[in-house]
Amino acid sequence: MSAKIIDGKAIAQTIRSEIADEVRLLSQNHAKVPGLAVVIVGNRKDSQSYVNMKRKACAEVGIKSFDIDLPEQVSEPELIAKVHELNANPEVHGILVQLPLPKHINEENVLSEISIEKDVDGFHPLNIGKLAMKGRDPLFQPCTPKGCLELLSRSGISIKGKKAVVVGRSNIVGLPVSLLLLKADATISIVHSRTTDPESIIREADIVIAAAGQAMMIKGDWIKPGAAVIDVGTNAVDDPSKKSGYRLVGDVDFHEVSKVAGWITPVPGGVGPMTVAMLLRNTLDGAKRVIGQ
Ligand code: NDP
């Protein structure tokens with residue numbers, strides 16, 4: 001094995017303790033507690049576990065969490081009314097609506113009602129638009145993409161002038177991470193499901209960000225020796241040896257790629273913990289902006 005493992009869990013823990021220190025200072029010096037509203041609709045088990053994780057993480061760093069649990073049958077106007085109420089609440093500095101929403105609710109309609117000053121997920125079209133424009137900065141950067149760049153910078157991997165390839169072009173990961181890399185002066189290529197010969201494009205990359213949702217798609221001989229590989233993919237594959245019957249793997253064939261790459265993130269324990277840490281960071285930054293810090 002030649003690649004250095006980028007330990008996302010440890011880096012996220014460091015960031016969380018930095019955030020806890022800042023939250024403490026904010027409450028000592030300004031009598032302000034950052035607040036995050038986490039809205040969940042319905043009873044999806046996976047969504048509930050993500051939401052519980054986010055609420056627990058808030059409590060650990062001293063961020064006040066506002067728990068909004070709405071029934072599956074809630075109507076779109078009712079959900080939007082709740083978002084408006086949270087927009088108007090001065091104790092709430094960030095609003096997160098857990099996705100996916102039930103089929104009868106249009107996600108875009110709901111997300112675009114979140115005030116951009118409280119859009120800690122960074123998914124509001126105005127925040128994404130500012131991310132794409134030269135000389136403009138969004139109020140918030142989306143959490144998973146921001147976490148990927150933080151992993152690179154805290155591992156001492158420079159981006160400026162490097163060739164970066166992003167695998168995937170979704171609104172929540174692939175596209176925004178490409179825009180962040182471009183803002184950081186990388187030369188970017190985006191590979192997607194219609195790309196012909198993705199291997200040859202990926203093989204040129206100094207930095208690979210994999211976010212395709214395809215288990216172990218990226219093989220060792222697709223990687224330039226010494227490249228930094230950030231694996232966002234989180235895919236469940238059958239594993240009868242586990243009690244649950246499955247295990248999580250990335251989009252990268254870790255066993256093969258770790259022999260070629262210079263750096264690699266594991267799955268789990270790479271990007272996942274960073275997403276939550278960046279959500280806390282964005283909430284704290286939202287609160288600091290309100291009090292002019
Ligand atoms: P989406 O399904 O929304 O997007 C997948 C993207 O990958 C699409 O752009 C698609 O192309 C592209 N793609 C699909 N198959 C291939 C292929 N064979 N070759 C090249 N590109 C391909 O997924 P998300 O962006 O939401 O998530 C991606 C992965 O990241 C998932 O495994 C998800 O679970 C994980 N994830 C992890 C997070 C974390 O915190 N660790 C957070 C968010 C996501 P096209 O546009 O042409 O369809």
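As a convention, each chain's residues are numbered from 1 in the sequence order in which they are written. Totals for whole chains, interfaces and linings use all residues, but because this is a predicted model, local features are given only for residues with pLDDT of at least 70 and pairs of side-chain atoms are given and counted only at 80 or more. The side-chain values count all of the structure's non-hydrogen atoms but skip hydrogen atoms and water molecules.

## Concerning the pattern of salt bridges
A side chain of one charge can pair with a side chain of the opposite charge when the charged atoms of the two come close. A side-chain nitrogen of Lys or Arg and a carboxyl oxygen of Asp or Glu constitute a salt bridge if their distance falls within 4 Å. Here the structure, examined in full by the defined rule, presents 17 salt bridges. One salt bridge in this structure joins D21 and R24, with 3.1 Å as the shortest N-O distance. In this pair, D21 and R24 both sit in helix 1 (residues 8–30), three residues apart, roughly one turn of the helix. Relative accessibility decides the category of a residue: with a 1.4 Å probe and only protein chains considered, values under 20% of the type maximum give buried, values over 50% give exposed, and everything between is partly exposed. R24 sits in the partly exposed class, given a relative accessible area of 46%. Between R154 and E150 there is a salt bridge, with its nearest N and O atoms 2.8 Å apart. With a gap of four residues between them, R154 and E150 both fall in helix 6 (residues 143–154), about one helical turn apart. On the accessibility criterion, E150 (21% relative accessible area) is partly exposed. Only DSSP runs of H or I reaching four residues or more are called helices, and only runs of E reaching two or more are called strands; each is numbered from the N terminus.

## Re the packing of helix 5 (residues 125–132) against helix 7 (residues 174–183)
Angles shown run from 0 to 180 degrees and are taken between the N-to-C directions of axes, each axis being a line fitted to C-alpha atoms and, for helices, limited to the stretch in contact. Between helix 5 and helix 7, whose axes approach to 9 Å, the crossing angle comes to 35°. Here I128, K130, L131 and A132 of helix 5 lie close against helix 7, whose contacting residues are P176, L179, L180 and K183. Amino acids are sorted into nonpolar (Ala, Val, Leu, Ile, Met, Phe, Trp, Tyr, Cys and Pro), charged (Asp, Glu, Lys and Arg) and polar (every other residue, Gly among them). Here the contact of helix 5 with helix 7 is composed, by residue class, of six nonpolar, no polar and two charged. By definition, residues are in contact when any of their heavy atoms lie within 4.5 Å.

## Structural notes on the sheet that holds strand 11 (residues 263–264)
Hydrogen bonds along the backbone pair up the strands of a sheet, which may run parallel or antiparallel. The six strands are arranged 1-11-8-7-5-6 in an open sheet whose pairing can be described as parallel. Whereas interior strands pair on both sides, the edge strands pair on one side only; in this sheet they are strand 1 (4–5) and strand 6 (187–191). Summarising the sheet, strand 8 (residues 228–231) and strand 11 pair through two bridges and their orientation is parallel. Paired with A228 across the two strands is W263, which belongs to strand 11. In this fold helix 7 packs onto strand 5 (163–167), strand 6 and strand 7 (207–210), with an angle of close to 170° to the strand it touches most, strand 5. The rule for pairing is simple: two strands pair if DSSP sees at least two bridges between them.

## Topic: the pairing of strand 4 (residues 94–97)
Every second residue of strand 4 is oriented toward a common face, with G94 and L96 on one face and I95 and V97 on the other, all of them buried. Pairing of strand 2 (residues 35–41) with strand 4, which is carried by four bridges, proceeds in the parallel orientation. Bridging across to strand 4, L36 finds its partner in G94.

## Comments concerning the side chain of H93
Mapped onto the fold, H93 is located in the loop between helix 3 (76–88) and strand 4. Residue classification places H93 among the buried positions, given a relative accessible area of 4%. Each residue touching H93, except ones within four places of it in the same chain, is listed here: V33, P34, G35, E117, K118, V120, T283, G286, A287 and V290.

## Let's talk about the nonpolar core
Residues belong to one nonpolar core when they are buried, are Ala, Val, Leu, Ile, Met, Phe, Trp, Tyr or Cys, and are joined through side-chain atoms within 4.5 Å. L36, L152, L181, I209 and I230 are the most contacted members of the largest nonpolar core, which has 50 residues in total. Considering each element in turn, this core owes the most residues, nine residues, to helix 10 (residues 271–290). What L152 contacts, discounting residues up to four positions off in sequence, is I157, I159, L181, I207, A228 and I230. Grouped together as the second largest cluster of nonpolar side chains are 19 residues, A37, V83, I105 and V110 included.

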